[in-house]
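One-letter residues, chain by chain:
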Amino acid sequence: MNALLEAQSVGHSYAGGQLGCEDVSFRLYPGEVLGVVGESGSGKSTLLGCLSGMIEPSQGSVRFDAGGQGLRDVFSLSEPERRLLMRTDWGIVRQNPRDGLRMNVSAGGNVGERLMAVGARNYTEIRGEALDWLTRVEIPSGRIDDLPRTFSGGMQQRVQIARILVSKPRLVFMDEPTGGLDVSVQARLLDLLRGLVRDLGVAAVVVTHDLAVVRLLSDRLMVMRQGRVVESGLTDQVLDDPQHPYSQLLVSSVLQA
Amino acid sequence: MNSRAFHSVDGTYNFAYLDEQTKRMIRRTLLKAIAVPGYQVPFGGREMPMAYGWGTGGIQITASIIGRDDTLKVIDQGADDTTNAVSIRRFFRRVAGVQTTEETSKATLIQTRHRIPEKQLTEKQILVYQVPQPEPLWKLEPREVETRKLHAYSEYGLMHVKLYEDISRHGEIITTYDYPVEVNARHIMSPSPIPKFDNPKMAMMPALQLFGAGREKRIYAIPPYTRVRSLDFDDHPFKPQRFDKPCALCGAEEVFLDEVILDDKGDHMFVCSDSDHCRERRAAGHTGSRASDAADMGFVPTEGLN
Ligand SMILES: Nc1ncnc2c1ncn2[C@@H]1O[C@H](COP(=O)(O)OP(=O)(O)OP(=O)(O)O)[C@@H](O)[C@H]1O
Ligand SMILES: [Mg+2]
């Protein structure tokens, strides 16, 4: 099978010399979910930014296979090509749903936007799809015309997920998708995400400091510390039998918590 | 049209108020705007001796293209006799010494706010619109850098989100003014706050259409005979407003009507919003159901009053 996304020695330093991440390499295959864990400031969001075309890395390359054309450097695409990718093949779930939703547009309009962005012009069909997707993320159909601000945090996050999955992306980036939610709400959202990711066969990179999230969602895991990957492998292996002292510490501190 | 140096009627200003350098700058902007129909071209707008609400964008365009042989008509909400229209007409009579008219067919240059004349315009005429907000996406995407990209890359899904919201809330597209259009199958454009009734007139219009936004300092244009399409959905096609009664004064059908309240008991009637069109029809002998009231109520021909 051909890789969908490939990172080669990706590194990024911020203006002023602050290290974001360094020398990160991996391959992600279609339908695979990669978890990225590590303490605060370890470079997870920086890496996700580089992978998703938001931050141009200062070193290395990120390549993506847009529809069987072979791997192409994401940052050598023209801006319109990259933007097209972002609203079709890719989806980015923001930690704060306010950053991923249009707060002044109804739930249905939020979900329908990506369809309209690629040329859907039949209102009934757009609304039908929006309704279908809202149902799949367990938003009651009667709320389709309500504004996101009338929704709870967990519901907003689910609308955000529907808004992305409606365009049937092949790759989804998530930064702390359950951050800021109550524990019980987190569990339900995770369950839902797992079901959707499996059903759709979508590949994903999930960044979190919550090991429970990756335990449930990811096939493979990378542990980051101070901008570098210190250990990677199958999720269960890394969590059950960590090799690197830092991974051991990370796992044990969770078990103690 | 010519732009020879001119000493204005009272000797204080350059011809048509603006200095020649500013006019040349605006005319260059206009040429760019005409070359890329519907694209908003920024320009170094000048302060005009009136507030932005008065249509300084349109006035700057008019001042830059008017020649001494032009005949100017100014429309405000369809009428020639509102304060705004009268002042702008007076301004150009004073600073350019040009002829003014209320008759659409006699005008070579028409500056308008809120309407397109009912009478079909010709290749010999130019229509200048006053635009309060040139960016059709501004309510949906407040970041200007981003809206520029949306135009540049034709990422126009957002515009349909607005129409989607209308239909989902109200069962139909309730936008009735400033209804967005696609120009020359490329740029999405605000037609300025004209009623959507007038949108179809913009398409394939023989006259050149120029749009000026004073506050936002943007100019855009529709060259003669350009495709202009009002946005819609396949299953909710664009529908211009329709009126079920003809004009009460001149009997015209298929025109845009304004409601006029006649007394405090609720008596009212619908009359042509295009006052010149109505006057011309009545002069030609057409009558509506309340035509006999017209003179009593001040609906008399006004040509030549100011
Ligand atoms: N915009 C920025 N400018 C300068 N330095 C930054 C910027 N963003 C992040 N950094 C630095 O880069 C390093 C990695 O930060 P990053 O946000 O990627 O970590 P993280 O693993 O996502 O942390 P968290 O779990 O708290 O979200 C940190 O030292 C951080 O201070
Ligand atoms: Mg982070």
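Residues numbered from 1 in each chain as written. Chains lettered and ligands numbered in written order. Predicted model: local features only at pLDDT ≥ 70, side-chain atom pairs only at ≥ 80, totals over all residues. Heavy atoms only, no water.

Peer 1: I tried to follow the environment of G119 of chain A on my own but got confused; where do I start?
Peer 2: Residue and element names in this part refer to chain A. Take G119: it is sitting in the loop between α4 (107-117) and α5 (123-136). Overall, the relative accessible area of 41% leaves G119 in the partly exposed class. For the pair formed by G119 and A3, sequence separation is 116 residues and the distance between their alpha carbons is 29 Å. (Helix = DSSP H or I, 4+ residues; strand = E, 2+ residues; numbered from the N terminus. Buried < 20%, exposed > 50% of the residue type's maximum accessible area, 1.4 Å probe, protein only.)

Peer 1: Is there a simple way to think about the site of ligand 1 in this case?
Peer 2: Residue and element names in this part refer to chain A. Looking at ligand 1, the residues that line it are Y14, Q18, L19, G20, E39, S40, G41, S42, G43, K44, S45 and T46. Within the side chain of Y14, a nitrogen or oxygen atom sits 3.4 Å from a nitrogen atom of ligand 1. Between an oxygen atom of ligand 1 and a main-chain N or O atom of G41, the distance comes to 2.8 Å. Isolated, ligand 1 exposes 640 Å² of accessible area, and the fraction of that covered by the protein chains is 61%. Listing elements by their share of the shell around ligand 1, those giving two or more residues are β2 (19-28) and α1 (44-51). If you tally residues by element for the shell around ligand 1, the top one is α1, at 3 residues. (Near = heavy atom within 4 Å. Polar contact = N/O pair within 3.5 Å; in protein donor to acceptor, adjacent residues only side chain to side chain. Areas by Shrake-Rupley, 256 points an atom, 1.4 Å probe, with all protein chains shown as cover.)

Peer 1: What's the story with the packing of α4 of chain A against α5 of chain A in this structure? I'm lost.
Peer 2: All names here are of chain A. Between α4 and α5, the least distance of the axes is 9 Å, while the angle of their chain directions is 120°. In this view, α4 runs oblique relative to α5, as classed from their interaxial angle. Both α4 and α5 take part in a crossing whose hand is right-handed. Note on element contacts: α5 touches α4 through I126, E129, A130, W133 and L134, opposite A107, G108, V111, G112, L115 and M116. For the contact of α4 with α5, a count of residues per class yields 8 nonpolar, 2 polar and 1 charged. (Axes fitted to C-alpha atoms, helices over the stretch in contact; angles between N-to-C directions. Parallel < 35°, antiparallel > 145°, perpendicular 65-115°, else oblique. Left-handed = near helix turned anticlockwise from the far one by under 90°. Contact = heavy atoms within 4.5 Å. Nonpolar A, V, L, I, M, F, W, Y, C, P; charged D, E, K, R; others polar.)

Peer 1: How should the side chain of E141 of chain B be read in this particular structure?
Peer 2: Among the structural elements, E141 of chain B can be located in the loop between β5 (126-130) and α4 (144-152). Given a relative accessible area of 5%, E141 of chain B falls into the buried group. In this structure the side chain of E141 of chain B is engaged in a polar contact, spanning 2.8 Å, whose partner is the side chain of R143 of chain B. When near neighbours in sequence (up to four residues on either side) are disregarded, E141 of chain B contacts R102 of chain A together with E146, T147, L150 and L158 of chain B.

Peer 1: How should I be thinking about the sheet that holds strand β7 (residues 187-189) of chain B in this particular structure?
Peer 2: All names here are of chain B. With respect to topology, 3 strands assemble into an open sheet ordered β7-β6-β10, the strand pairing being antiparallel. Bordering the open sheet on either side are β7 and β10 (228-230), each of which pairs with just one other strand. The average angle at which neighbouring strand axes cross in this sheet is 30°, direction not considered. As judged from the 3 bridges shared by strand β6 (residues 181-183) and β10, these two strands associate in the antiparallel manner. Looking at β10, one finds that V181 is bridged to S230. (Pairing = 2+ DSSP bridges.)

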